[in-house]
Amino acid sequence: MRVLVTGGAGFIGANFVHQTVRERPDVHVTVLDALTYAGDEASLADVADAITFVRGDVADAEVVDRLVADADLVVHFAAESHNDNSLSDPWPFVQTNVIGTFTLLEAVRRHGVRYHHISTDEVYGDLELDDPAKFTDQTPYNPSSPYSSTKASSDLLVRAWVRSFGVQATISNCSNNYGPYQHVEKFIPRQITNLVDGVRPKLYGTGQNVRDWIHVEDHNTAVWAIVERGEIGQTYLIGADGEVDNKTVVETLLELMGQDRDAYDLVSDRPGHDLRYAIDATRLRTELGWRPQYGSFRDGLAATVEWYRANEAWWRPRKDATEAKYATLGR
Ligand code: NAD
Ligand code: DAU
């Protein structure tokens, strides 16, 4: 099987490529990645000999057409992915997340290629802290940020291309991922690398916001389950019942890294900051038989701390520029 993985030099895409090369010798992976500030070929160094890497833009119809024509399956991870960036400059989000997805859909339509669309639980907006409800595939779309609204737009394009043109596509909406190779702009790696540098972790607002954490490898086993056993045209929510508030995440990291649990700072909040995400992944579990392998968030966090400690050469080149950007936002 020939798989085209867009965004394979980013966090989740790189983990997907590693897992696929490791566990599926019958699959040949081609990565299409523009290597934006968020992409890093070094994330694929271990598997460089086993894959084909193409530097290019998912909104470039020519390169996309050529690569899709040669594929049996497209798994589309490439995106502008960071909410804070989308508040400062939304345009790249519209270009990559909407136009890029449109470009891929037109190519898979032309060539009759199976397509899996990677999306986010943020398309559903947020939940109250004390609401027992979770997101399901029946929850109405209600995105809050430029990032999540462009992801919602891209999901709707996929649904329309399935219905109108018979494109063979599935969609997954996953909760917050953590694990190796995540950019230091994101919450968990930012705090780990701050602590390595002797800087106190920074919590937005009061730290009460809740995210539903899943290890990136569990996300990717779910993606393969959907590709292999999912029903065309369906949306699957991916989550591992990992709801934790941000303050608890920071306290756990402080403890794991040998600091006092209250040694963090509260900083100004993100505008429009979603309160709580929570996924009901019942369909994925009952219909496709998927189960997460990472049972304990604390153990997964401990392993992630060790990974960042052991791989400073990977994250160090991006740390100063990332913190300089946050400094302009007062966060
Ligand atoms: P990331 O920012 O770490 O990686 C994105 C990758 O896409 C980078 O390698 C970047 O170079 C590449 N890219 C960006 N624009 C491109 C373009 N125009 N053409 C080609 N490549 C381009 O993102 P991530 O966290 O790995 O997220 C991957 C996907 O998963 C995204 O679609 C995101 O919406 C979705 N998602 C992320 C999470 C999460 O917690 N990180 C959760 C659910 C869904
Ligand atoms: O839910 C899935 C989404 O999860 C994905 O679609 C996004 O691509 C991914 O970036 C992530 O979005 P969040 O906005 O939830 O992730 P982020 O890592 O930016 O922040 C997680 C939480 O931590 C959020 O409530 C904001 C907070 N935060 C973040 C940073 C960077 C802090 O308190 N301090 C920080 O320094």
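Residues numbered from 1 in each chain as written. Chains lettered and ligands numbered in written order. Predicted model: local features only at pLDDT ≥ 70, side-chain atom pairs only at ≥ 80, totals over all residues. Heavy atoms only, no water.

Caption draft 1: Local environment of the packing of aromatic side chains. Under the counting rule described, the total for this entry stands at 17 aromatic pairs. Taken together, a centroid distance of 5.3 Å and an interplanar angle of 85° make the contact between Tyr124 and Tyr141 edge-to-face. Linking Tyr124 in the loop between strand 5 (114-120) and helix 5 (146-165) with Tyr141 in the loop between strand 5 and helix 5, this pair joins segments that are 17 residues apart in sequence. Three or more aromatic residues joined by ring pairs make a cluster, and in this case those are Tyr124, Phe135, Tyr141 and Tyr277. The residue whose ring lies beneath Arg190 is Tyr326, and the NZ or CZ to ring-centre distance is 3.8 Å. (Phe/Tyr/Trp six-rings, centres within 6.5 Å; stacked < 30°, edge-to-face > 60°. Helix = DSSP H or I, 4+ residues; strand = E, 2+ residues; numbered from the N terminus. Lys NZ or Arg CZ within 6 Å of the ring centre and 35° of its normal.)

Caption draft 2: Inspection of the nonpolar core at higher detail. One finds Val5, Val17, Leu44, Val75, Ile238 and Leu284 to be the most contacted residues of the largest nonpolar core, which totals 43 residues. Counting residues per element, the ones that place at least two in this core are strand 1 (2-6), helix 1 (11-23), strand 2 (28-33), strand 4 (73-76), helix 7 (216-229), strand 11 (235-238) and helix 9 (282-288). Among the elements that make up this core, the one with the highest residue count is helix 7 (six residues). If near-sequence neighbours (up to four positions away) are discounted, Ile238 is found in contact with Ser172, Asn173, Cys174, Ser175, Ile214, His219, Ala222, Val223, Ile226, Ile279 and Leu284. Grouped together as the second largest cluster of nonpolar side chains are 25 residues, Val54, Val98, Leu157 and Val158 included. (Core = buried A, V, L, I, M, F, W, Y, C linked by side-chain atoms within 4.5 Å. Buried < 20%, exposed > 50% of the residue type's maximum accessible area, 1.4 Å probe, protein only. Contact = heavy atoms within 4.5 Å.)

Caption draft 3: Region of interest: the site of ligand 1. Contacts to ligand 1 come from 28 residues, most closely from Ile12, Asp33, Ser81, Tyr147 and Lys151. In the environment of ligand 1, an oxygen atom lies 3.5 Å from a nitrogen or oxygen atom belonging to the backbone of Leu35. In the model, an oxygen atom of ligand 1 is placed 2.7 Å from a nitrogen or oxygen of the Ser81 side chain. Alone, ligand 1 offers 830 Å² of accessible surface; in the complex the protein occludes 96% of this. At the level of secondary structure, the elements contributing two or more residues to the shell around ligand 1 comprise helix 1, strand 5 and helix 5. (Near = heavy atom within 4 Å. Polar contact = N/O pair within 3.5 Å; in protein donor to acceptor, adjacent residues only side chain to side chain. Areas by Shrake-Rupley, 256 points an atom, 1.4 Å probe, with all protein chains shown as cover.)

Caption draft 4: Representation of unusual backbone geometry. Positive phi, normally seen in glycine, also occurs at Tyr181, with a value near 70°. Within the fold, Tyr181 resides in the loop between strand 7 (177-178) and helix 6 (187-196). Residue Tyr181 is classed as buried on the basis of its relative accessible area, which comes to 13%. In this structure, Asp241 is a non-glycine residue whose phi angle is positive, near 55°. Looking at the secondary structure, you find Asp241 in the loop between strand 11 and strand 12 (243-245).

Caption draft 5: Broad picture of the site of ligand 2. Near ligand 2 there are 25 residues, and of these Thr120, Asp121, Tyr147, Arg270 and His273 occur at the shortest range. Arg211 has a polar side-chain atom sitting 2.7 Å from an oxygen atom of ligand 2. Broken down by secondary-structure element, the contributors of at least two residues to the shell around ligand 2 are helix 6 and strand 8 (202-204). When grouped by side-chain class, the residues that make up the shell around ligand 2 number seven nonpolar, 10 polar and eight charged. (Nonpolar A, V, L, I, M, F, W, Y, C, P; charged D, E, K, R; others polar.)

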